[in-house]
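Survey of secondary and tertiary structure
Okay, here's what each chain looks like letter by letter:
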Amino acid sequence: MSRKVSGEATVAELKELDDLLATNPELQYAFNIVEELSPLPQMKAAPDADELARKQKGLDRLQAVLDEENTRPVRKMNTGMYKWLAAASVILVAGLSLVFYVNRRPAEQLVQTSHGDTGREIVLPDGTQVILNAGSRLQYDSAALSAGERIVTLYGEGFFKVKADENHPFMIKTGKVDVRVLGTVFNLKAYPEDNRVETYLLSGKVEVAYKNKDKETRTQLKPRERFVINLPAEEATAQKQPVARLMKPKENEMPEDAIAEPGWMQNRLEFENVTFEQLSNELERWYNVRIEIKNEKLKEEVFSGAFNNKPLPEVLEALQYTLQFKYKINKDANLVELW
């Protein structure tokens with residue numbers, strides 16, 4: 001990590017680091033800390049014993065952050081990685097800065113999942129359980145959560161089981177939409193690239209707040225209700241306002257006392273009234289591919305459907321029955337072209 005920041009890493013080392021971060025997303029927090037230190041001063045003389053001790057103290061603090069029990073599923077660094085990072089930090093004089101940075105932000109946590117990686121579970125310090133879908137990020141302050149200030153930030157999709165505490169409501173920020181809950185089980189989907197926020201309440205009560213015509217609008221959901229907000233793109237925010245839709249539960253859909261899991265947790269891809277552009281984002285996250293739509297008219301076509309653990313070619317072929325288009329899959333480039 002330090003060699004990359006200093007510009008000394010070889011091509012092979014850069015690839016090794018990328019592979020490491022891809023297979024161990026929890027190490028991204030450590031890398032963010034190291035990266036924040038750039039540009040680092042170059043060593044002009046061999047470090048003395050006191051300087052080495054300060055560096056080791058900084059690394060010990062970093063290790064303590066990663067090992068904190070309340071940041072599951074973060075795993076302890078393996079010995080080889082720890083020694084490699086320690087050796088690299090001796091080459092770069094970063095000890096004092098690292099100690100200062102960790103002391104300044106000891107409780108801030110980031111948990112994220114890569115594309116194709118679903119079902120990562122986290123137990124927050126207040127007892128709330130969260131399961132993240134692919135391509136998602138959850139940020140929170142563990143000290144604040146423990147003290148009763150229950151605020152987290154979500155970019156992506158998560159299934160929440162919020163521990164009840166009437167005196168300390170739980171708040172989820174997604175950028176443009178805030179969700180306020182008490183003791184509740186619900187699913188929240190808020191990928192920034194989709195310009196769409198979906199809240200599906202399974203039990204309890206949630207309140208969704210968003211700006212509409214420069215005024216804050218609040219909507220409370222009942223169990224089995226789904227609330228969808230289609231947000232305008234950044235470039236069209238001044239001209240367009242969010243379009244919200246509250247969907248009531250279907251008759252005899254499920255017993256009221258049953259707690260169901262969303263489709264993605266059952267390995268089922270579900271989508272309802274989404275544009276082809278939004279669906280392509282979903283397919284990218286689900287199948288870990290990159291999709292290029294070369295026909296602009298296709299982007300605005302609307303789809304609804306569900307697929308149970310189907311490979312990507314079968315999904316594309318099924319969509320062709322609804323809308324005529326052609327596609328090409330380039331496995332070497334991990335790319336799908338649509339026109």
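What comes next is a walk through the structure. All values derive from a computational prediction rather than experimental measurement. Numbers given for residues are sequential positions, taken from 1 along each chain in its written order. Under the rules for a predicted model, residues below a pLDDT of 70 receive no local features and side-chain atom pairs below 80 are neither given nor counted, while totals for whole chains, interfaces and linings still include all residues. Excluding hydrogens and water, the side-chain values take into account all heavy atoms of the structure.

The set of residues buried in helix 10 (residues 312–322) consists of L312, V315, L316 and L319. End-on, the buried residues of helix 10 take up no more than an arc of 95°, which puts them together on one face. Should any heavy atoms of two residues lie within 4.5 Å, those residues are considered in contact. Strands here are runs of E lasting at least two residues and helices are runs of H or I lasting at least four, both read from the DSSP assignment and numbered beginning at the N terminus. Packed against the buried residues of helix 10 are strand 14 (268–275), helix 8 (276–287), strand 16 (302–308), strand 17 (327–330) and strand 18 (335–338). The rule is simple: take the accessible area with a 1.4 Å probe, protein chains only, and divide by the maximum for that residue type; under 20% is buried, over 50% is exposed, in between is partly exposed. Here, the arc refers to the directions that run from the helix axis to the C-beta atoms.

The angle between two axes is taken between their N-to-C directions and runs from 0 to 180 degrees, where each axis is a line fitted to C-alpha atoms and a helix contributes only its stretch in contact. Running from amino to carboxyl end, helix 8 crosses helix 10 at an angle of 165°, the nearest separation of the two axes being 12 Å. Accordingly, the angle class assigned to the pair helix 8 and helix 10 is roughly antiparallel. Between helix 8 and helix 10 lies a crossing whose hand is right-handed. Where helix 8 abuts helix 10, its residues F276, L279, L283 and Y287 lie against L312, V315, L316 and L319. The residue classification treats Ala, Val, Leu, Ile, Met, Phe, Trp, Tyr, Cys and Pro as nonpolar and Asp, Glu, Lys and Arg as charged. All others, Gly included, are polar. Taken together, the residues of the contact of helix 8 with helix 10 sort by class into 8 nonpolar, no polar and no charged. An angle below 35 degrees is treated as roughly parallel, one above 145 as roughly antiparallel, one from 65 to 115 as roughly perpendicular, and anything else as oblique. In this scheme, a crossing is called left-handed if the near helix is turned counterclockwise away from the far one by less than a right angle; it is called right-handed if the turn is clockwise.

Further remarks concern the environment of E270. Its location among the elements puts E270 in strand 14. When the C-alpha positions of E270 and E282 are compared, they lie 9.5 Å apart, and in sequence the two are 12 residues distant. Non-local contacts of E270, meaning those with residues more than four positions away in its chain, are made with G263, G305 and A306. The term polar contact refers here to a pair of N or O atoms within 3.5 Å; inside protein, the definition further demands a hydrogen-donor-capable atom paired with an acceptor-capable atom, and it admits residues adjacent in sequence only when both atoms are side-chain atoms. For E270, the side chain forms a polar contact with the side chain of R268, separated by 2.5 Å.

Along the chain, the position of K189 falls in strand 8 (residues 184–190). Its relative accessible area of 11% is what places K189 among the buried residues. A distance of 2.3 Å separates a polar atom in the side chain of K189 from a polar atom in the side chain of E282. If near-sequence neighbours (up to four positions away) are discounted, K189 is found in contact with G156, E157, D194, R196, V197, E198, E282 and R285.

Where the residue is not glycine, phi is negative for most of them; where a peptide bond is considered, it is trans in most cases. One non-glycine residue with positive phi stands out, namely N267, at about 60°. Its location among the elements puts N267 in the loop between strand 13 (243–247) and strand 14. Phi is positive for N288, close to 55°, though the residue is something other than glycine. Given the relative accessible area of 40%, N288 is considered partly exposed.

Let's shift gears to the pairing of strand 8. Strand 8 sits mainly inside the fold: 7 of its 7 residues count as buried. Strand pairing follows a simple DSSP-based rule, namely that at least 2 bridges must link the two strands. One ladder, built from 5 bridges, connects strand 8 with strand 9 (residues 196–203); its direction is antiparallel. The residue bridging N187 from the neighbouring strand is Y200, located in strand 9. The hairpin formed by strand 8 and strand 9 contains 5 residues between the paired strands, and N195 there has a positive phi angle of roughly 50°.

Our focus in this paragraph is the packing of aromatic side chains. The relation between two aromatic rings is expressed through the spacing of the ring centres and the mutual angle of the planes. In summary, the pairing rule links any two rings of Phe, Tyr or Trp, Trp by its six-membered ring, whose centres are within 6.5 Å, and it sorts them by plane angle into stacked for under 30 degrees, edge-to-face for over 60 and tilted for everything else. This structure, assessed with the given rule, holds 6 aromatic pairs. Among the aromatic residues, those joined into a cluster by ring pairs are F160, F170 and F186. Throughout this description, the term charge over a ring refers to an Arg CZ or Lys NZ atom that lies within 6 Å of the ring centre and within 35 degrees of the ring normal. Positioned above the aromatic ring of Y200, the side-chain terminus of R226 is 4.2 Å from the ring centre. Its end group placed over the ring of Y191, R285 keeps NZ or CZ at 3.3 Å from the ring centre.

A separate point is the pattern of salt bridges. In what follows, salt bridge is the name for a side-chain nitrogen of Lys or Arg lying within 4 Å of a carboxyl oxygen of Asp or Glu. Applying the stated criterion across every chain, the model contains 16 salt bridges. Between E282 and K189 there is a salt bridge, and its shortest N-O distance comes to 2.3 Å. Residue E282 is found in helix 8, and its partner K189 is found in strand 8; the two are separated by 93 residues along the sequence. Per residue, the accessibility class of E282 equals that of K189, and both read buried.

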